[in-house]
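Examining the three-dimensional arrangement
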Amino acid sequence: MLGGGKGGGGMGGMGGMGGMGGMMGGKGGGGGGAPEKDDSEKAGDASGNWHWQQKGEEIQIRFPQDPAITKKDISVKFKRTSLTVSIKGETVMDGLLESTVEVDECTWCLAPGGVELQVMLTKQKEGEWGSLMA
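Throughout what follows, the structure given in this document is the object of discussion. The shown structure was predicted, so the numbers you read here are calculated from the model rather than taken from an experiment.

1. So, the sheet that holds strand 1 (residues 42–43)
Sheet architecture is open: five strands sit in the order 1-2-3-8-7, paired in antiparallel fashion. Here the strands that pair on one side only, and so sit at the sheet edges, are strand 1 and strand 7 (107–110). Alignment of strand 2 (residues 51–55) against strand 3 (residues 58–64), held across five bridges, turns out to be antiparallel. For Q53, the partnering residue across the bridge sits in strand 3 and is Q60.

Printed below as a string of structure tokens:
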């Protein structure tokens, strides 16, 4: 009866944020017959204050910051059909989304050094969005 119990302990909780790292991936060879999806990063607004990229059911929005910011500077409100992002009291995004998102699966984080706010959305239905905002 020695050594019974759960094998490989300690690895179970590792999956939490694992899928986010691949969202920054570069452009690369799709190959094969189906038309390639446009998962390249797109400028979100004319002034370049934010950029967005979609891959499968995930959307990442980047807000580059100079000077750097802290989490106290940020307010993000996720709703099923809309998104509001404020940085240092200034609203940088507020409006209806192209489609609906799973609010409980949406999150945000700061890049190391506070040089960029990254907002991650999870689509309710997988499929290409023509634009981020409606």
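What follows picks up the thread again.
2. Details of unusual backbone geometry
For residues that are not glycine, phi is negative in most cases, and the peptide bond is trans in most cases. Note the cis peptide between D66 and P67, where omega equals 10°. Looking at where P67 falls in the secondary structure, it is placed in the loop between strand 3 and strand 4 (74–78).

3. Considerations on the side chain of T122
When you line up the elements, T122 lands in strand 8 (residues 116–122). A polar contact of 3.3 Å, which involves the side chain of T122, links it to the backbone oxygen of E105. Setting aside chain neighbours within four positions, we find T122 in contact with E57, V101, E102, E105 and C106.

Basis of the calculations
- Residues numbered from 1 in each chain as written.
- Predicted model: local features only at pLDDT ≥ 70, side-chain atom pairs only at ≥ 80, totals over all residues.
- Heavy atoms only, no water.
- Pairing = 2+ DSSP bridges.
- Helix = DSSP H or I, 4+ residues; strand = E, 2+ residues; numbered from the N terminus.
- Polar contact = N/O pair within 3.5 Å; in protein donor to acceptor, adjacent residues only side chain to side chain.
- Contact = heavy atoms within 4.5 Å.

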